[in-house]
Amino acid sequence: MSEFIQSLPNWQPYGTPKYFGILILALLPIIIALFFRRRLPIYESLISVAFISLMFGGAKYQQFFALIFYLVWQVIVVFAYQTYRQKADNKWVFYFSVTISLLPLMIVKVMPAVLGVNSLLGFLGISYLTFRSVAMIMEMRDGELKAVTFWPFFRFMIFMPTISSGPIDRFRRFNDDYLNPPSRDVYLSMIEKAVWSLMLGAFYKFIMAHIFGDLLLPNAQQFALHAGGLFNWQTLLVMYAYGFYLFFDFAGYSLFAIGVSYLMGIKTPVNFNKPFIARDLKDFWNRWHMSLSFWFRDFVFMRLVYVIMKRKIFKNRNTTSSVAYLLNMTIMGFWHGVTWYYIAYGIFHGIGLIINDWWVRRKKTINKTRKKNGQPPLPDNKWTHALGIFITFNVVMLSLLLFSGFLDQLWFHHFPK
């Protein structure tokens, strides 16, 4: 088995035109079947397994076995908790189950920071599979999932288009799409959206991301490192080049995943919605990496607020939401990696959301006072809207510079000649 996996080519998802050509040919039977509103469950699973195997072929064969181990681990944890939840509901069993489900991911994230080596448990996509399994455990605890069987769970976990980098789907939504193939008219509309997503994704990833990431960013980094210091105007070039590169690269990948999902009759959620025209940080997180943002909102932020309010840790609701914002975004920072700049990125956005909420409340108070005094409210027009977009855009770009890790290199690991 090991020799067979090593003999396979290593194909990065959506990496080359050849990959797309072979993928579309492999999907043709699925597309034809869906045109007649039928599913090919065995064939679809085989296609997912085949392309996942190619993703971990060659030099990355160890990741294939890490994936197998991980899936067995999650099957045991999720179904053990489901069996327990059907009989009882102890919060400590729930916390333990979530922790055990998270354990492989935590090991993968912590080992490089603590021991300086990558864990053998790591594989491309472990974070996104963990989001799926943990969400299922939480929804079982809430009573929203009651009788999940093995094959729907397995199908959800190994769904090939989104396995490596999302978007993050929810089991109930995914399973409903799978069990209810679209009508012919709806599917034709989905194919149209799929083609548009694939074309726009190609423009984003192969043209725009190439311009910003391969042509502009390396030169900007060299200029900034040569200038040195804590900050220089060349670092602004790095900031904007990296920010646009990250958006076009990740948004392009997400569009590919969505397009292929639609061809397979699954309406995978949109991941980006014009994030750089957001008026404030809260609006930004409703537009940027939306499936991740909404996952943290539903499964971390809202639960933190509930626990804090239930235990009456803070009397003030605004304090409660502020603490929850900070904890939520800090956890998100840790999820990206155990480095100071990822954690600082999370804290940065946590503080930014707190300030954002404070200003919204402050503005309401000011407008109430002005109304009592017979004065007009604070301006709220296209010019203030444009100002909000400008400020938010630059704050976000600054946070992405922090996220990039370039400041770590500029401040701590740059030794000018």
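Residues numbered from 1 in each chain as written. Predicted model: local features only at pLDDT ≥ 70, side-chain atom pairs only at ≥ 80, totals over all residues. Heavy atoms only, no water.

S.K.: Can you tell me about the overall build of the protein, naming the residues and giving the values?
M.R.: The helix and strand tally for the protein stands at 16 helices and 0 strands. For the protein, the C-alpha radius of gyration of 23 Å lies close to 22 Å, the compact-globule estimate for 417 residues. The C-alpha extent of the protein, read off along each of the three principal axes, is 70 × 60 × 50 Å. Here the protein, with 417 residues, has 47% of them falling under the buried criterion. For the protein, restricting intrachain contacts to residue pairs at least 6 apart in sequence, the fraction spanning at least 24 positions comes to 74%. (Helix = DSSP H or I, 4+ residues; strand = E, 2+ residues; numbered from the N terminus. Rg over C-alpha atoms; globule rule 2.2 N^0.38 Å. Buried < 20%, exposed > 50% of the residue type's maximum accessible area, 1.4 Å probe, protein only. Contact = heavy atoms within 4.5 Å.)

S.K.: Any chance you could break down the environment of tryptophan 335 for me, citing the residues and the numbers?
M.R.: One can find tryptophan 335 in helix α13 (residues 317-336). Look at tryptophan 335 and you get buried, because its relative accessible area is 10%. The contacts of tryptophan 335, once residues within four sequence positions are left out, are Leu105, Lys109, Ser127, Tyr128, Phe131, Leu292 and Phe296. Reaching out from tryptophan 335, the side chain makes a polar contact with the side chain of serine 127 at a distance of 3.2 Å. (Polar contact = N/O pair within 3.5 Å; in protein donor to acceptor, adjacent residues only side chain to side chain.)

S.K.: Just give me the short version of helix α7 (residues 150-157), but keep the residues and values in it.
M.R.: Because an α-helix completes one turn every 3.6 residues, residues spaced three or four positions apart along the sequence face the same direction. Residues Pro152, Phe153, Arg155, Phe156 and Met157 constitute the buried set of α7. Buried residues in α7 make contact with α4 (61-85), α6 (126-142) and α8 (171-179).

S.K.: I'd love a proper account of a nonpolar patch on the surface, names of residues and values included.
M.R.: Together, Phe223, Leu230, Phe231, Trp233, Leu236, Leu237, Trp340, Leu398, Trp411 and Phe412 make up an exposed nonpolar region whose accessible area comes to about 1100 Å². For the nonpolar patch, the secondary-structure elements that each account for two or more residues are α10 (233-263) and α16 (406-412). The biggest single contributor to the nonpolar patch is α10, with 3 residues. Within the fold, leucine 236 resides in helix α10. (Patch = residues over 30% accessible without salt bridge, like charges linked within 9 Å, V, L, I, M, F, W, Y side chains within 5 Å. Areas by Shrake-Rupley, 256 points an atom, 1.4 Å probe, with all protein chains shown as cover. Salt bridge = Lys/Arg side-chain N within 4 Å of Asp/Glu carboxyl O.)

S.K.: Explain the domain arrangement of the protein residue by residue, including any values.
M.R.: Domain annotation of the protein identifies domain 1 (1-181) and domain 2 (188-412). The C-alpha centroid of domain 2 is placed 26 Å from the C-alpha centroid of domain 1. Between domain 1 and domain 2, the contact holds 41 residues from the first and 35 residues from the second. The contact between domain 1 and domain 2 buries some 3200 Å² in all, and 69% of this surface belongs to carbon and sulfur atoms. Contact with domain 2 buries surface across domain 1, with Tyr14, Phe131 and Pro167 losing the most and accounting together for 19% of the total. Our count for the domain 1 to domain 2 interface comes out at 2 salt bridges. Aspartate 298 is the partner of arginine 170 in a salt bridge, and the nearest nitrogen-oxygen pair spans 3.1 Å. The interface formed by domain 1 and domain 2 contains 14 residue pairs in polar contact (both at pLDDT 80 or more). Every element with two or more residues in the side of domain 1 that touches domain 2 is listed here: α2 (17-35), α5 (91-114), α6 and α8. For the side of domain 1 that touches domain 2, the residue count by class is 26 nonpolar, 6 polar and 9 charged. (Domains from an automatic or database assignment. Buried area = accessible area lost by both parts, 1.4 Å probe. Nonpolar A, V, L, I, M, F, W, Y, C, P; charged D, E, K, R; others polar.)

S.K.: Explain the nonpolar core to me, using residue names and the numbers behind them.
M.R.: Formed by 117 residues in total, the largest nonpolar core has its most connected members in Tyr14, Leu27, Trp288 and Trp295. In terms of residue count, the dominant contributor to this core is α10 (17 residues). Sequence-distant contacts of tryptophan 288, defined by excluding residues within four places in its chain, comprise Leu246, Phe247, Asn271, Phe272, Pro275, Phe276, Ser293 and Leu400. (Core = buried A, V, L, I, M, F, W, Y, C linked by side-chain atoms within 4.5 Å.)

S.K.: So, the pattern of salt bridges: which residues are in play, and what are the values?
M.R.: For the coordinates displayed, the defined rule picks out 14 salt bridges. As a salt-bridge pair, arginine 173 and aspartate 177 come within 2.6 Å of each other at their nearest N and O atoms. Taken together, the residues arginine 173 and aspartate 177, both in helix α8 and 4 residues apart, mark about one turn of the helix. Judged by relative accessible area, aspartate 177 falls into the buried class, the value being 14%. Measuring nitrogen to oxygen at the nearest pair gives 2.8 Å for the salt bridge that ties aspartate 380 to arginine 279. Placement of aspartate 380 in the loop between α14 (340-372) and α15 (382-404) and of arginine 279 in the loop between α10 and α11 (281-285) is noted, with a sequence separation of 101 residues between them. Members of the salt-bridge network, linked through shared partners, are Arg85, Asp89 and Arg141.

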